[in-house]
Amino acid sequence: MSVGIVGLGYVGLPLVVAFAEAGEDVIGVDVDAGRVASLRAGLSHVEDIPSERLAAVMDRIDFTTRAVDLHQAEAILVCVPTPLNRNREPDLGPLLGAAQTLADVLARGQLVVLESTTFPGTTREHLVPLLEESGLVAGEDFALAFSPERVDPGRTDYTLRNTPKVVGGLTPTCTERALEVYGRVCDELVPVSTPEVAELSKLLENIFRSVNIALVNELAILADRMGIDIWEVVDAAATKPFGFMRFEPGPGMGGHCLPVDPFYLTWKAREYDMVTEFIELAGKVNKQMPYFCLEKIERALNDAGRPVRGSRILVVGVSYKAGVGDLREAPGLKIVELLRERGGDVSYHDPHVPELPQFALRSAELGGECDLAVIVTAHPEVDHGAVVEHSPAVLDLRGVTRALRDEKVQQL
Ligand SMILES: NC(=O)c1ccc[n+]([C@@H]2O[C@H](COP(=O)([O-])OP(=O)(O)OC[C@H]3O[C@@H](n4cnc5c(N)ncnc54)[C@H](O)[C@@H]3O)[C@@H](O)[C@H]2O)c1
């Protein structure tokens with residue numbers, strides 16, 4: 001028997017490798033033929049999974065675009081994207097597409113688990129009817145559960161193995177089946193009573209982060225006006241041993257999760273006459289941050305008697321977070337775009353992002369001439385001390401050069 005994974009992205013590929021490393025045969029299915037071809041060639045596109053790690057278990061993995069191969073799988077884990085559409089409403093297209101395909105291949109006795117982040121009710125209201133088009137009954141002929149992925153790209157201390165995994169089945173038997181399968185790759189399992197609890201728990205985690213990041217960002221704007229160092233404030237508050245959790249201010253939120261997932265709940269809440277104001281407000285504050293950063297850049301250049309137009313501005317780090325090259329919703333891209341619109345001569349350095357085709361830019365070597373360096377994302381392998389040394393002025397949006405106490409550095 002084998003485990004099938006549908007959707008081979010940031011979530012799906014680590015699962016494929018984890019099950020293969022646990023000795024399982026794995027079928028990895030994706031609609032993207034190019035992605036499947038490169039995975040078959042042993043090339044990983046996910047930074048957390050080096051190609052060498054993939055190569056070590058390739059003999060147990062079958063990467064394919066043919067969903068029909070899933071017919072023989074014991075369990076099928078669905079990890080397709082759950083984006084927002086142009087009107088910022090849930091786009092269940094990939095998920096419903098995957099479910100329709102699964103209905104054609106579903107076999108009696110199989111377990112299906114949805115891992116994609118989504119609003120409460122998706123598993124029961126959307127997956128069940130589509131999967132039952134197979135003629136099989138959910139909870140009787142096949143097991144169905146929701147188990148949210150908690151991967152934090154670039155993180156090494158918490159992995160799939162030691163991050164507790166929440167599992168909510170349609171029936172207690174469904175939960176048991178899913179717990180048994182995940183028990184092969186996860187040390188700690190957290191069964192909950194329904195798929196809806198599991199679905200909403202994942203959204204609570206993301207909304208918690210989004211709201212707290214927005215809170216500290218709003219305080220950063222206020223502290224800037226009041227002439228108070230927000231980083232010193234956060235450091236001081238974080239000494240409280242209870243009742244406080246540290247969140248860092250920064251240029252805004254990025255990635256596939258935080259700027260997107262909370263709005264799945266906002267949309268669903270309307271069905272219940274609820275306006276999820278915390279979510280909306282957090283989104284608004286965080287979306288505003290690149291504009292505030294632009295104002296800080298303008299002020300820093302102004303101090304040197306320069307307008308944005310024609311100034312050489314080096315953006316250090318463009319991906320949405322340190323240690324990864326993921327550009328989805330990255331505030332760094334917004335900052336580059338805004339500076340370009342104002343006539344700035346923008347270059348960037350990012351060891352994880354070799355090029356930005358949309359701006360016709362390639363990552364520049366550090367040490368070149370610029371008028372202002374702006375640290376947008378602080379990758380651990382970048383020598384920020386050298387950035388300060390080689391730049392006439394620096395704006396540090398991540399607080400990584402504070403210890404230098406260099407007068408040419410301005411902070412967020
Ligand atoms: N990236 C993260 O850090 C993270 C963390 C936790 C949860 N999630 C959630 O997990 C889900 C997947 O995210 P991701 O970052 O892995 O996305 P991704 O875009 O990296 O990968 C998704 C993959 O699914 C494939 N796909 C799309 N439609 C398909 C279909 N019908 N059948 C088969 N394959 C299909 C795509 O081609 C792509 O390869 C999302 O719901 C996301 O919110 C992501």
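Further up the page is the structure itself.
Residues numbered from 1 in each chain as written. Predicted model: local features only at pLDDT ≥ 70, side-chain atom pairs only at ≥ 80, totals over all residues. Heavy atoms only, no water.

1. Description of the overall build of the protein
- A count of helices and strands for the protein gives 12 helices and 15 strands.
- Once the C-alpha set of the protein is aligned to its principal axes, its extents read approximately 70 × 50 × 40 Å.
- Taken across its 412 residues, the protein has 52% of its residues classed as buried.
- Sequence-distant contacts in the protein: of pairs separated by 6 or more residues, those separated by 24 or more amount to 68%.
- Of the accessible surface of the protein, which amounts to about 18,800 Å², a share of 53% is contributed by carbon and sulfur atoms.
- Charge-centre separation for the protein: the mean point of 39 positive side chains lies 4 Å from the mean point of 61 negative side chains. (Helix = DSSP H or I, 4+ residues; strand = E, 2+ residues; numbered from the N terminus. Buried < 20%, exposed > 50% of the residue type's maximum accessible area, 1.4 Å probe, protein only. Contact = heavy atoms within 4.5 Å. Areas by Shrake-Rupley, 256 points an atom, 1.4 Å probe, with all protein chains shown as cover. Lys, Arg positive; Asp, Glu negative; His and termini not counted. Charge placed at Lys NZ, Arg CZ, Asp CG, Glu CD.)

2. Details of the sheet that holds strand E8 (residues 189-192)
- Read across the open sheet, the eight strands follow the order E3-E2-E1-E4-E5-E6-E7-E8; overall the sheet is mixed. A single partner strand is all that each edge strand has here, and the edge strands are strand E3 (61-64) and E8. On average, each strand axis in the sheet is inclined to that of its neighbour by 25°, with strand direction left out of account.
- Sitting on the sheet, helix H5 (residues 122-131) is in contact with strand E5 (111-114) and strand E6 (143-146), with an inclination near 150° to E6. (Pairing = 2+ DSSP bridges. Axes fitted to C-alpha atoms, helices over the stretch in contact; angles between N-to-C directions.)

3. Concerning the site of the ligand
- As a matter of local geometry, the ligand sits amid 26 residues, with Val 11, Asp 30, Arg 35, Thr 82 and Thr 117 nearest to it.
- The contact in question runs from an oxygen atom of the ligand to an N or O atom on the backbone of Tyr 10, over 3.0 Å.
- Pro 94 places a main-chain nitrogen or oxygen 3.4 Å from a nitrogen atom of the ligand.
- The fraction of the free accessible surface of the ligand (840 Å²) that becomes covered by protein chains is 89%. (Near = heavy atom within 4 Å. Polar contact = N/O pair within 3.5 Å; in protein donor to acceptor, adjacent residues only side chain to side chain.)

4. Some remarks on the pairing of strand E7 (residues 165-169)
- Counting buried residues in E7 gives five out of five residues, a clear majority hidden from the surface.
- Neither face of E7 is exposed, since Lys 165, Val 167 and Gly 169 on one face and Val 166 and Gly 168 on the opposite face are all buried.
- The sheet contact formed by E6 and E7 spans two bridges and is antiparallel. Looking at E7, one finds that Ala 145 is bridged to Gly 169.
- Where E7 lies against E8, four bridges are found, and the strand directions are parallel. Paired with Gly 168 across the bridge in E8 is Val 192.
- As a crossover connection, the stretch from E7 through helix H6 (residues 172-182) into E8 is right-handed. (Right-handed = clockwise from strand over helix to strand, strands pointing away.)

5. Some thoughts on the packing of helix H10 (residues 277-303) against helix H11 (residues 331-341)
- In the contact formed by H10 and H11, the axes pass within 9 Å of each other and the chain directions differ by 50°. Relative to H11, the element H10 is oriented oblique. Between H10 and H11 lies a crossing whose hand is right-handed. Residues Pro 290, Tyr 291, Cys 293, Leu 294 and Ile 297 of H10 form the contact with H11, whose participating residues are Pro 331, Lys 334, Ile 335, Leu 338 and Leu 339. (Parallel < 35°, antiparallel > 145°, perpendicular 65-115°, else oblique. Left-handed = near helix turned anticlockwise from the far one by under 90°.)

6. Some details on the packing of aromatic side chains
- In total, this model carries three aromatic pairs according to the counting rule given.
- Note on Phe 208 and Phe 247: the rings are 5.7 Å apart at their centroids and 70° apart in plane angle, and the pair reads as edge-to-face. Residue Phe 208 is found in helix H7 (residues 195-226), and its partner Phe 247 is found in the loop between helix H8 (230-237) and helix H9 (262-270); the two are separated by 39 residues along the sequence.
- Residue classification places Phe 208 among the partly exposed positions, given a relative accessible area of 40%.
- A residue is classified by how much of its surface remains accessible, and Phe 247, at 9% relative accessible area, is buried. (Phe/Tyr/Trp six-rings, centres within 6.5 Å; stacked < 30°, edge-to-face > 60°.)

7. What to know about the sheet that holds strand E15 (residues 409-411)
- Taking strand neighbours across the sheet as the criterion, the five strands line up as E10-E9-E13-E14-E15 in an open arrangement whose pairing is parallel. Across the chains shown, the open sheet's two edge strands, defined by having one partner strand only, are strand E10 (345-349) and E15. Each strand axis lies, on average, 20° off the axis of its neighbour in the sheet, ignoring direction.
- The pairing of strand E13 (residues 372-375) with strand E14 (residues 394-396) spans three bridges and is classified as parallel. Paired with Ala 373 across the two strands is Val 394, which belongs to E14.

8. Some words on the nonpolar core
- Membership of the largest hydrophobic core comes to 75 residues, with the highest contact counts inside it found for Ile 5, Phe 19, Phe 63, Leu 70, Val 78, Leu 102 and Leu 131.
- Ranked by residues supplied to this core, first place goes to helix H1 (residues 12-21) with seven residues.
- Apart from residues no more than four positions distant in its own chain, Leu 131 is found in contact with Ala 99, Leu 102, Ala 103, Leu 106, Val 112, Leu 136, Phe 142 and Leu 144.
- By size, the runner-up hydrophobic cluster in this structure holds 43 residues, among which are Ile 230, Leu 301, Leu 339 and Leu 361. (Core = buried A, V, L, I, M, F, W, Y, C linked by side-chain atoms within 4.5 Å.)

9. Description of the state of the cysteines
- Scanning the entire structure with this criterion turns up zero disulfides.
- Looking at Cys 257, it has no disulfide partner, and the nearest cysteine sulfur is the one in Cys 79, 12 Å off.
- Judged by relative accessible area, which is 30%, Cys 257 ranks as partly exposed.
- There is no disulfide at Cys 370, and the cysteine sulfur nearest it, in Cys 293, is 17 Å away. (Disulfide = S-S within 2.5 Å.)

10. With respect to H8
- The complete set of buried residues in H8 reads Ile 230, Trp 231 and Val 234. Down the axis of H8, the buried side of the element spans an arc of 100°, and every buried residue falls inside it.
- On its buried side, H8 packs onto H7 and E15.
- You can read the cap of H8 off the contacts: a side-chain oxygen lies 2.9 Å from the backbone nitrogen of Trp 231, and it is on Asp 229. (Arc of directions from axis to C-beta.)

So, to be careful, I would describe these as geometric facts and stop short of saying anything about function.
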